Amino acid sequence: MVKEALGGLSSAWRRRTGGRWIILKMILLFVLFHYFWDYAGEDLLGLPGNAVDPVAVFLSAAIVYRIFLRDIESIFYPEGAVGKGSKPLPRASVKRSTGGAAGTGGGPSDIPPASRESVLPALSALSSPRADSILLVDEDPRYLQAARETLDAAGIGPVHTLTDGRETLSFLSTESVALLLLGGDFSEGSLPDLVNRIRKEVPQLPVIVMTRTMDVETAVACMKAGAFDYLVKPVEKNRFLSSVRRALEFRELRCEISTLTEHFLSLPAEDDIAFHGIRTKNRKMQAICRYVEAIAPSRHPVLITGETGVGKELIARATHDLSGCAGRFVAVNVAGLDDTMFSDTLFGHTKGAYTGADKKREGLLARASGGTLFLDEIGDLNESSQVKLLRLLEEMEYYPLGSDAPEKTDARILCATHHSLPGLLSAGEFRKDLFFRLQAHHVQIPSLRERMEDLPLLLDQCLEETSISLGKKKPTAPPELLKLLSAYHFPGNVRELRSMIFDAVTQHRFGVLSMNSFHGAVRKNHAACMDQPAVPAPSADGMPFRSFEKFPTLKEATDCLVAEAMKRSGNNQGIAALLLGITREALNKRILRQKRHFRKEPKITDAA
């Protein structure tokens, strides 16, 4: 009677507080999904900034409504009121001898078949050939049979059963399971321990516990151990199916979110092969990798732009690797080629096309048949070569030198340049029709200055690759090296970084990597850039400091430069002196002079 009274009080408490708890969970999940869609909306859906928030609200509300559909019904229709006439699942049967007759606790219930149209999409996916199974564990075969028939009638399956709970972990280690229904009688304390072990072994697996008795302590311990739900036999059919469906929906949703996060917020595992030369945690670079993955199967031309040394050819090679083309990747730098050399290099020539052409020669287009032709420095092409390239892109045919018969090609064309093509257009040095033809797909690679968070990754990668190529042990980089490189503007981007590291590792003998080589490279670059003023470009009226509210004095400008150099160098005076182009002693004198001047300034007090 005490147990029945506790069970009644527990049921009344759940009925009294269940609605408020469900609403609270709905609000928390809505906020979670809203922030997820709002965070990834622009990259994931390609929406403009002002359209992300309404879409995030709609998707979040739809997902939360779908998850809590059954719970919303249970608020308005208390347990047992939904689906009147449906019988509960049978109690666990225990045979007792009473006058030679075997007494049972009730046979399997007559369960009406459920239509497959009522099954949620997540459950429909589970019935597909690639779906995982559902595992039922209970010591009563009659209960297992009844539960299996209930799930089969609802279109949920396939279902596997076990009568010994000790075999659960071994079964989970060999089979892929989407949901575990754990029933039967367990000794005190063993059920939460079993749930805890299962959750540790298979953390993505939802576990629903079903027992004959309602023990509050055991229920709380099971839920703390990670159980998805706790049911007391006999379980009403709708309550049973509702719990199963919610658990499967929860697992399906968690798997989808994990897949989306893996695909859209980081590089997929299969893409690591294609992007093996690109190490990044910068969001712009990750978005570029996802874009390249999306456009790789396309046969349209791709224009890759960016400063010198940012890795345009790496992106081109990744595009080819992801395209699935059976042909080769052929790269050629077209800068400095006149019209004849451009045609001969790409299109080839026939025998006798010009003096010295004693035999037929195939061009790079024929070599790249079925693959990719990468034209680097496309911005340096002359106008005649631009016309021939435009015809190649539009008709996919070309004329070898000395031939009147056109030849077809199926090579994909990728182009790259470090020039600003809009600037060349305005200067009349690049054809508009060719520019717009190349704009089918455009990849703009950021400079190293825009992705300084990748500097530690690139530094480690360059040290490792250089050490392997030189046959040396990988040296240890000093802590101040990263500060120096972080304050440097890298006009040559990643290529310059590789050259600096290669030079330093070549001179390295033992111990910590020396900073002398890097200091010399920074000084040399400063000396080479002395003729390029680092002041803002003049405005239309010829006043470069028009944006300043007050024209700075020479001392104020000097103090500002010193403060900015110290900030960028992390208060390292040696690095700051390199940035300013002065000696460390001169910088130290300026800093001491600033401190003395600050101490001499009179204190300003408020007037009475």
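All residue numbers refer to positions counted from 1 along the written sequence of the respective chain. Where totals are concerned, whole chains, interfaces and linings use all residues; where local detail is concerned, this predicted model gives features only for residues with pLDDT of at least 70, and gives and counts side-chain atom pairs only at 80 or more. Water and hydrogen atoms play no part in the side-chain values, which are based on all heavy atoms of the structure.

**Looking at the overall build of the protein**
Then, in step 1: Under the DSSP-based scheme used, a helix requires at least four consecutive residues in state H or I and a strand at least two consecutive residues in state E, with every element numbered from the N terminus. Helix and strand counts for the protein stand at 24 helices and 16 strands.
Then, in step 2: Each residue is assigned to one of three classes by its accessible area relative to the maximum for its type, calculated with a 1.4 Å probe on protein chains only: buried under 20%, partly exposed between the two thresholds, exposed over 50%. Expressed as a percentage of the 608 residues in the protein, the buried residues total 39%.
Then, in step 3: Working rule for contacts: check all heavy atoms of both residues, and any pair within 4.5 Å makes them a contact. A fraction of 69% describes how many contacts in the protein between residues 6 or more apart in sequence connect residues 24 or more apart.
Then, in step 4: Each accessible area is a Shrake-Rupley estimate made with a 1.4 Å probe; only the visible protein chains count as cover when residues are assessed. By element, 56% of the accessible surface of the protein is carried by carbon and sulfur atoms, the whole surface being about 34400 Å².

**A closer look at the sheet that holds strand S7 (residues 229-232)**
Then, in step 1: Strands sit in the order S4-S3-S5-S6-S7 across an open sheet of five strands; the sheet is parallel. This sheet does not close on itself; its edge strands, each paired only once, are strand S4 (159-162) and S7. Within the sheet, the average angular offset between the axes of one strand and its neighbour, ignoring direction, is 20°.
Then, in step 2: Note on pairing: two strands pair once DSSP finds at least 2 bridges between them. Pairing of strand S5 (residues 177-182) with strand S6 (residues 207-211), which is carried by three bridges, proceeds in the parallel orientation. Note on S6: the bridge partner recorded for leucine 181 is isoleucine 208.
Then, in step 3: Axis geometry follows a simple rule: fit a line to the C-alpha atoms, using only the stretch in contact for helices, then measure angles between N-to-C directions, giving values from 0 to 180 degrees. Contacting S5 and S6, helix H7 (residues 190-201) runs over the sheet at an angle of about 165° to S6.

**What to know about the packing of helix H13 (residues 339-347) against helix H15 (residues 383-395)**
If you want to describe how two helices pack, look at the angle between their axes and the distance between the axes.
Then, in step 1: Look at H13 against H15: their axes get within 9 Å of each other, and the N-to-C directions meet at 25°. Relative to H15, H13 is oriented roughly parallel. Seen along the crossing, H13 lies across H15 with a hand that is right-handed. Contacts from Asp339, Phe342, Ser343 and Phe347 in H13 reach Ser384, Ser385, Lys388, Leu389 and Leu392 in H15.
Then, in step 2: Residues are grouped as follows: Ala, Val, Leu, Ile, Met, Phe, Trp, Tyr, Cys and Pro are nonpolar; Asp, Glu, Lys and Arg are charged; every other residue, Gly included, is polar. Taken together, the residues that form the contact of H13 with H15 break down as four nonpolar, three polar and two charged. Here roughly perpendicular refers to angles of 65 to 115 degrees, roughly parallel to angles under 35, roughly antiparallel to angles over 145, and oblique to all remaining angles. Should the near helix be turned counterclockwise from the far one by less than a right angle, the crossing is left-handed, whereas a clockwise turn marks it as right-handed.

**Overview of the pattern of salt bridges**
Then, in step 1: Salt bridge criterion: a side-chain nitrogen from Lys or Arg within 4 Å of a carboxyl oxygen from Asp or Glu. Tallied over the entire structure, the rule returns 17 salt bridges.
Then, in step 2: A salt bridge links arginine 279 to glutamate 464; the nearest nitrogen and oxygen atoms lie 3.9 Å apart. Here arginine 279, found in the loop between helix H10 (271-274) and helix H11 (283-295), pairs with glutamate 464, found in helix H18 (residues 455-470); they are 185 residues apart in sequence, far enough to count as distant.
Then, in step 3: The exposure class assigned to glutamate 464 is partly exposed, which follows from its relative accessible area of 34%.

**Description of the packing of H11 against helix H12 (residues 312-323)**
Then, in step 1: Orientation of H11 relative to H12, taken along the N-to-C sense of each, is 40°, at an axis distance of 9 Å. As far as their axial angle goes, H12 and H11 are oblique. Crossing hand, H11 versus H12: right-handed. Here Ile288, Val292 and Glu293 of H11 come into contact with H12, specifically with Ile315, Ala318, Thr319 and Leu322.
Then, in step 2: When its residues are assigned to classes, the contact of H11 with H12 shows five nonpolar, one polar and one charged.

**With respect to the nonpolar core**
Then, in step 1: By size, the foremost hydrophobic cluster in this structure holds 30 residues, and its most contacted members are Leu373, Leu375 and Leu389.
Then, in step 2: Contributions of two or more residues to this core are made by strand S9 (329-333), H13, helix H14 (364-367), strand S12 (372-376), H15, strand S15 (412-417), helix H16 (421-426) and helix H17 (432-438).
Then, in step 3: In terms of residue count, the dominant contributor to this core is H15 (four residues).
Then, in step 4: In contact with leucine 375, not counting residues within four places along its chain, are Val332, Val334, Leu346, Leu389, Ile413, Leu414, Cys415 and Ala416.
Then, in step 5: Nonpolar core, defined: a set of buried Ala, Val, Leu, Ile, Met, Phe, Trp, Tyr and Cys residues in which side-chain atoms within 4.5 Å join the residues together. Core analysis: the second largest hydrophobic core is formed by 24 residues, Cys462, Leu484, Phe490 and Val505 among them.

**Focus: H13**
Given 3.6 residues to a turn, an α-helix orients residues that are three or four positions apart in the same direction.
Then, in step 1: Residues Phe342, Ser343, Asp344, Thr345, Leu346 and Phe347 constitute the buried set of H13.
Then, in step 2: Note on H13: the residue one or two positions beyond its end, glycine 348, has a positive phi of about 80°.

**A short note on a nonpolar patch on the surface**
Then, in step 1: Each patch groups residues whose relative accessible area exceeds 30% and which form no salt bridge, using 9 Å between like charges and 5 Å between nonpolar side chains of Val, Leu, Ile, Met, Phe, Trp and Tyr. Taken together, the side chains of Ile23, Ile27, Val31 and Tyr35 make up a nonpolar region of the molecular surface, amounting to roughly 400 Å² of accessible area.
Then, in step 2: Accessibility expressed as a relative area gives 44% for isoleucine 23, which makes it partly exposed.

**Some points on helix H20 (residues 493-507)**
Then, in step 1: Compared with an ideal rise of 1.5 Å per residue, which puts 15 residues at 21 Å, H20 spans 22 Å between its outermost C-alpha atoms and is within 8% of the ideal.
Then, in step 2: If you check which residues of H20 are buried, you get Asn493, Val494, Glu496, Leu497, Met500, Ile501, Ala504 and Val505. On an axial view of H20, the arc spanned by its buried residues comes to 165°, and they lie on one face. To estimate how far a helix should extend, the number of its residues minus one is multiplied by 1.5 Å. When we speak of the arc, we mean the arc of directions from the helix axis to the C-beta atoms.

**Topic: the sheet that holds S12**
In sheet architecture, strand pairing relies on hydrogen bonds along the backbone and comes in two forms, parallel and antiparallel.
Then, in step 1: If you walk across this open sheet you meet the five strands as S9-S12-S15-S8-S16, and the pairing is parallel. Lying at the two open borders of the sheet, with one neighbouring strand each, are S9 and strand S16 (441-444). Shown here is a sheet whose adjacent strand axes are inclined to one another by a mean of 20°, direction ignored.
Then, in step 2: Note: S9 against S12, five bridges, orientation parallel.

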